[in-house]
Every structure is written in C-alpha cells, then in structure tokens.
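# Fold and geometry: a report
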Amino acid sequence: MTHEFSTGGRSTGGHSTDGQWALEITGLCKSYDRPAVDHLSLNIRRGELYALLGPNGAGKTTTLKMVTGLLQPDSGAISVCGIDALKSPIDAKRVMAWLPDEPLIYDKLTPLEYLEFVAGLWGITAEVAERRAHDLIALLGLKSQASERCQGLSKGMRQKVALAGALIHEPELIILDEPLTGLDAGSARQVKAVLREHVTRGVTIVMTTHILEVAERMADRIGVIANGRLISEGTLEELRAKDSQQAASLEDIFLELVSDEQVAA
Amino acid sequence: MISFASRSSASQGMTPQSLGWFARHELLLAWRDWLSMMTAGRRTRERIMIAMALLFTVGLHALAYSVLNPALKSGSSLGDKMLLVTVMGCGLLSFFMMLSQALESVTRAFYTRSDLELILSSPSPPRHVFAVRIAALTITTTAMSMMLMAPFINVAVFIDHPGWLAAYPVLVAIAMIATGIAVWLMMVLFRLIGAARTRLAAQIVAAVIGASFLIGIQVIAIFSYNNLSRLSVLQDHAFIASMPAAESSTWLPVWAATGSFPALFVVLATAAAFLVFTVWQTSKGFAQLVLSAASVSDINTSAAAGPRPFRTLSSRQALRAKEWQLLKRDPWLVSQTLMQVLYLLPPALLLWKNYGDAAGISVILAPVLVMALGQLAGGLSWLTISGEDAPELVGTAPVSAGQILWAKIEAVLAVIAAVGLPLVLIIATFAPYEAIVTAIGVGCSAASAIAIQLWFRGPAKRAHFRYRQTASRVATLAEAFSSLMWAGATALFAAGMMLGIACVMLALLVLLTAWLMS
C-alpha cells in the first residue's frame, strides 16, 4: 500500500524562495551499516508545530541531528529559515535550538548558571539573558530550584532546565527529541503550554514523540518516518483521509503505516 | 545459557542475604570493575594487559633486587637498627598510602549510589552489606599495596630467608587497620561537618594523607641534609640512634614481617579485632548515613549565596568560565590537584631554604615542576576536551568547533599558569635564566599533554575521570613519557648542558608516535 501525501500544496522537496519554510530538507541521506536516512525530503512551515513520528530506529533522531549540525549527512540539502545549514552552519545554529531526549546539562551548575552559560554561547547580552532566564524559570516552575545545583534535580526538572536553555536565545526553529518523556502530568502540561505559546508567537517547532496522543493533540502537521523515508505526512484529517478511516485514531493510522512499510521493506 | 538453578548450585552453601552470598556478589563486581578498568571493555586488550602486567612484575622484581641486594646479601639481623628503621619506614609508607586509598574508597562506598538503593530497598540486613563492603575494601586496599610491595618481599625471601614471607600477612594487617581508621574518619567527618561537606573533605584528607608521609620525610631531609632524598632520614645514624632499642616492642610489626610467629599473631589478631570492632560499631548507622549522603546530593550541595547578576560573555568567555566553574566544583579533581601541589611543596621548600643559591636547584626543582604541571595539564585537558557533559548543547551553539577547542585549551592553560607562575617568578628573582628555561619547559610539557588529549579525545562523562587512563593506554603513556622528556630537557638546559636537545628530540618523537597512533 502506498501513501501519497501533500506538504501544504507544495511538492515535497521543493525549495522556497518566499521565506515560508522554517526547515527544508531535500534528498537527505545518511548511512551507517545500512541507510539510516534514505533520500528524505521534508518541508516545514514557519510557525507550525510539526510532529515527526516513527518506530525505534526509523531515522528520526539521525535526521534531526543532521539538521542541528551534530551529524554530517552523506548527501542532500538542509535549509533553516532560508540559511543553508551545510554551507553556513554557524548562522543556522544561531536561529535554532536542539533539545535531546536525555537532557544533557551540567550537574555542578545551577539552572541560572546554566542559562547564563547558554546565553553566553549564543552571544546574548547579560541584561536580556537575565530577564529571559528569570521569566523562563518562573514559567517552567523552577523558581525554588533556580540556585540549586542541577545534580539534585529530578529528570523532569532537568528536562525543564534544558528546555529553558533551548528557549533563552529565542530561536526561530526549535527541534525537540522526545520532550515529554519522563515528565509528570503537571510538568508535561507546563511544557506543552510553553511550546504552544511559542508556536502562537511564530516559532516553529519540530518534535519527535512516541506519545501519539501528544502528536494528535498538539501537532499542526504530522510526518511519519520509517526506514529513513517519509512515508506519510499531513494534518491528522489528511492522514485519516489517506487511510480511508475517518474515525481512526492516530495510533491506528501510525501502526498501519509502519506495518505496511515493514512488509514492503 | 546459565540457569538460575545451575548458578545457585555453583554457589552451594551460600544462603541468599548471608555474608558469604554478599561477599560473592561484591567480589564478582569488584573483579569485573577491575577488568573493565584495565581492558577498557575490550577483550583484545586482555592479552596485552597480561603481557604488560608480566613485564611490570619482572621490572619491579629487578628494581627490588638492585635495591635490596646490597643491603641483604650479608644477611639481615633484627639487631640491626637500620634494618628495623628501614622496614618500619616502608611499613609506615604503605600504611599512609593504604589509608589514603581506603578513605577514598570508603567515601565512594557511601556516596556512590549504584546498587546501594537496590540492596537497601530489599529486606537484606544493611549490616551484612556494610560488613562485606568493608571487607571488600580491605581486600582491594591490600591488593593495591601488594602490587608494589610483593616484588620487594619476594626478593627478600630469595636473598635473605623465607621468614620474609610473613610480610604478606603483615600487609593484610596494615590494610585492615588502614580501612578501619578510614571508616572511623568518615564517621567523624559525617558527625563534625555533615554529609554535605564530608565528600569533598574526605577526598582532600585522603590526598593529604597519601602525600603526607613522603612529603614529611622529604621536608625533614631538606632541613637536615639539604636534599630531597627520603632515604637520607631513614639511613641517618643520628636518627637511627634516637630510635627505641632493637629489643623494644615498638618494632613488633617488623619482627612480624621478618617471620616471628608470636609477633605475627599479635599483629594480625590486633588488626582483625580492630576491624571487626569497627564494623560492629559503625554498621548500625550505615543505612542512615548512606541515605543522608544520598539525600544531601539530592537536595543541594551548592546552596549558593543566592543568584548573582548575569555577565555579558562572548562564546569563548562563556566556555572558559564554565570550565573553571566546573573544575572548581569537582571534588575529585580538587583533591588530585591538591596532591600535585602538595608534591611541589618539598622542592619549593628546598628553593626557599637555598634562596640565592641557584646552583643545583634547577636540576631538582625545574623537572619536578615540569612533570607535575604536565600531568596536571593532561588531567585538566581530558576533563575539558573529552569530559564534556553536554556535547550536544555545545555542538549546536553558533560557535565553530575550533573556537570551542581554543576556549577549552585557554581554560587549561590559565589554570597551569596560575599554579606554576608564582614558583617560576620566585626562581626568576635570583635565577632568571633557570626561570625562563623552567617556564618554557612547563609550557612545552603542558602543550604536549594537551595535544595528546586532543589527538585521543573521545566522548566521556566527567564522572569517569578516574578511568581516563584506561580509555587509551597510548595516550597515558605518551603523556607520561613526554612530561618526563620535557622534564629532563629542562633540567639539562637549566644546568647549562646542551644534551637537553636529545631530550627535546625524544619528546618530539614521543609526540610524533602518539600522533601517528591516534
């Protein structure tokens, strides 16, 4: 079974010149022992929350790491807010943020010290950084831990500190790998609210998640990736329409897509 | 696949939760930990490790033979006070080193949670866990000391008489006493300064204790004989004469080590009784102490004096500031650095005592400085370059990889300069040429260590600093040899000998080899 999908009226892999796209990926390839990402093309609009779904080992994290400059692709093109991320990685990094699934923060720094460090890396002035840091700390409910070393924080709190770090330089594109894993219900709600608020301000968010309910509720568009290829994409309604199951949940659609792909592979 | 049933038959007679059952578990973990430390998890390294251990053993036996043969070839006599003093000195040296190591291990036993949470959450008696952990610590402490002392004991048995074999159980007794004292020290620190500060304090005390005996006798040698030789004190006739008579019971441990069975029985029984008493007395509060140690690290160990205003920093400044902040807050590193600095004290003292007399000092002081600071640079650059805890954050920052590396190198060089510059400046006040040579030597040694760490860099956690040597033996050896060569070159140039060029060439050869192998 093949799945056709649209990318908002444009052909997948097309290059924009009007600044409509926050992220354009064209023919991206990366192989280890076998192809991890296989001629992947993907366009994501400015100001949308895009959920990238896929089974374990589908190539989601590899794709996102190539976008953020943490991995070098074998071939293909990546454009971040109109900047060629492969030719001008520093300029591209300036406008984006990456939050891995395992929050990598410094145990011996306090959240405020961590945010000061991240602000320094992105060249934010002290006044702006301090104001934003305190705003984010308050917004994410970290006030009482702001001056404690991160080594004592729970996984959820560490995740929120890392998220604050990702937001402090006000990126145009935020890439999140499993941002809600390990968060309690209250923290998850806080994080979702913060992300949604950023999207309404025009920030673009690309996130991977295994919690399909989150994708179903939060994402403007959903892309499903398997074996390094994009196998379907669109709004939830578009995915349902393609699947001819109007009442199907995202979980049903996802599992069917993935099993079809595995059979085809 | 081994079933539970077959495994349990392998450990017949060991009831779960019993002392023996826990001991088996601990020994298995200790063995695997040691093996993975030595082989860095690569099976191919096992053969190399065995070959290197054999070489090391043969080398140490040769060294022991060359040291002991002149002293023991005519036979030892317990009426010989010099022998008594020398053996007692060696015993004390072992004791202080074991105490240092035991304190370090006991600290980890309390603060490293690993499987403790699992064990303490089970219905197993915590006293058993504690007793077995302490016994395991005693064994590892003995093993470490034996690696160095065994060749000397074996050679003494070969040259002199088989009675020296009794030195092995004496070493075990010393380890038991050292471990017992380490446990009591930990308890006292817990009570006096609380769980929050005990970890750092214990590691610093361990470093000071480890260095204190060696440094102590060096300091005496400097004041009494104006040299750095530790043997000067132990072989001085006036010092030996001031010691108790050969018949005094002060020498009981030496009698035990040379084969007197009654003395050996007393020494072993006393040590065992002390350790058992320690475990019995202190094990009651073990679980509570572990929990308080864990809860301290869970809550906060900084309790910073409130947030301070942000500073506007460039990317490089931010990276440097972060590195210094992390280095400052790393208890293990602080204790290791302190150890390096402590070892610099005797030469500094010699320098102060001979102020105005440059002759001879350069040969002693310059290489010590170059070696110590080269090694320190190696450790620091591993922490900053490889031990980056948030590589993806730094990797996604709008800074080039080159700038990131430079910022980290600058952070290391600044620390080296802060430690080395005061000593170099003191030398410069009366021996400018030697000071310049020393500064260049330190710079080359530090730069070489940093370069080696750059060539062999790999992702690692800062917490794995202890295991950095096992990650790459080539890097470790190259670092040590290049420091040694630069130290030799510095000493020779400071003494006005052009032979130093040969050492420079060798240092460059070491670097070239390391680069080719990286």
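Along each chain, residue indices are assigned from 1 in the same order as the chain's sequence is written. Written order determines the labels here, with chains lettered from A and ligands numbered from 1. Local features in this predicted model are restricted to residues of pLDDT 70 or higher, and side-chain atom pairs are both shown and tallied only at a pLDDT of 80 or more, whereas totals for entire chains, interfaces and linings draw on every residue. To get the side-chain values, all heavy atoms of the structure are used, and hydrogens and water are removed first.

Let us look at the interface of chain A and chain B. By definition in these notes, contact holds between two residues if any of their heavy atoms fall within 4.5 Å. Residue-level contacts link 36 residues of chain A with 38 residues of chain B. The three residues of chain A that bury the most area against chain B are Y106(A), E116(A) and L121(A), which together make up 20% of that side's buried surface. Salt bridges are identified by distance alone: a Lys or Arg side-chain nitrogen within 4 Å of an Asp or Glu carboxyl oxygen. Its salt-bridge partner being E113(A), residue R329(B) comes within 2.7 Å of it at the nearest N-O pair. The definition of a polar contact used here is a pair of N or O atoms within 3.5 Å, where within protein one atom must be able to donate a hydrogen and the other to accept one, and adjacent residues in sequence count solely through side-chain atom pairs. On inspection of chain A and its partner chain B, the count reaches twelve residue pairs in polar contact (both at pLDDT 80 or more). Breaking the side of chain A that touches chain B down by element, the ones donating at least two residues are α2 (89–94), α3 (111–121) and α4 (126–139) of chain A. Looking at side-chain class alone, the side of chain A that touches chain B contains 19 nonpolar, seven polar and ten charged residues. The term buried area refers to how much accessible surface (probe radius 1.4 Å) is lost by two components on association, counted for both of them together. Put simply, DSSP marks the helices as runs of H or I at least four residues long and the strands as runs of E at least two long, and each gets a number from the N terminus on. Any residue that is not Ala, Val, Leu, Ile, Met, Phe, Trp, Tyr, Cys, Pro, Asp, Glu, Lys or Arg is counted as polar, Gly included; the first ten are nonpolar and the last four charged.

The next point concerns the environment of V399(B). Relative to the helices and strands, V399(B) is located in the loop between α16 (391–395) and α17 (401–430). Along the sequence, V399(B) and R316(B) sit 83 residues apart, while their C-alpha atoms lie 8.6 Å from each other. Not counting residues up to four positions away in its chain, the partners in contact with V399(B) are I90(A), L121(A), S315(B) and I404(B).

This part takes up the confidence of the model for chain A. Taken residue by residue, chain A gives an average pLDDT of 84. The fraction at 70 or more is 89%. Confidence scores per residue from the predictor, reported as pLDDT, run from 0 to 100. When the criterion is pLDDT under 50, residues 1–17 of chain A qualifies, and its contacts beyond four places in sequence or with other chains add up to 45 contacts.

The subject of this paragraph is a nonpolar patch on the surface. Residue and element names in this part refer to chain B. Nonpolar side chains (Val, Leu, Ile, Met, Phe, Trp, Tyr) within 5 Å and like charges within 9 Å form the patches, drawn only from residues with over 30% relative accessible area and no salt bridge. Methods summary: accessible areas were calculated by the Shrake-Rupley approach with a probe of 1.4 Å, and residue burial reflects only the protein chains presented. Taken together, the side chains of W455, L506, L509, L512, W515, L516 and M517 make up a nonpolar region of the molecular surface, amounting to roughly 720 Å² of accessible area. With six residues, the top contributor of residues to the nonpolar patch is helix α21 (residues 500–517). Counting through the fold element by element, L506 comes out in helix α21.

Turning our eyes to something else, we now look at the pattern of salt bridges. Enumeration over the complete set of coordinates arrives at 23 salt bridges over all chains. Linking R311(B) and E116(A) is a salt bridge whose minimum nitrogen-to-oxygen distance equals 3.2 Å. Taken together, the positions of R311(B) in the loop between α12 (286–299) and α13 (315–328) and E116(A) in helix α3 put the pair across two chains. Each residue's exposure class comes from its accessible area (1.4 Å probe, protein chains only) as a fraction of the maximum for that residue type: buried when under 20%, exposed when over 50%, partly exposed otherwise. Assessed through its relative accessible area of 38%, R311(B) is described here as partly exposed. Overlapping salt bridges bring together R45(A), E48(A), R221(A) and E233(A) as one network.

Next up on the list: the sheet that holds strand β2 (residues 35–45) of chain A. Residues and elements named next belong to chain A. Strands sit in the order β2-β1-β4-β5 across an open sheet of four strands; the sheet is antiparallel. Edge strands, defined here as strands with exactly one partner in the open sheet, are β2 and β5 (83–84). Strand pairing follows a simple DSSP-based rule, namely that at least 2 bridges must link the two strands. Here strand β1 (residues 21–31) pairs with strand β4 (residues 75–80) via five bridges, running antiparallel. Directly across from I25, in β4, lies its bridge partner I78. Where helices are involved, their axes are fitted lines through C-alpha atoms of the stretch in contact, as for all axes, and angles between N-to-C directions lie from 0 to 180°. Contacting β1, β2 and β4, helix α1 (residues 60–67) runs over the sheet at an angle of about 115° to β1.

This brings us to the sheet that holds strand β9 (residues 221–226) of chain A. Residue and element names in this part refer to chain A. Strand order in the open sheet formed by six strands is β6-β7-β8-β3-β9-β10, and the pairing between neighbours is mixed. Because the sheet does not close on itself, it has two edges, and the strands there are β6 (96–99) and β10 (229–234). Here the strands of the sheet are splayed against their neighbours by 15° on average, with no regard to which way each runs. With four bridges joining them, β6 and strand β7 (residues 173–177) adopt parallel strand pairing. Residue M96 lies in a different strand from β7, and its bridge partner there is L173. Across the sheet, helix α5 (residues 155–167) touches β6 and β7, and the angle it forms with β6 is around 170°.

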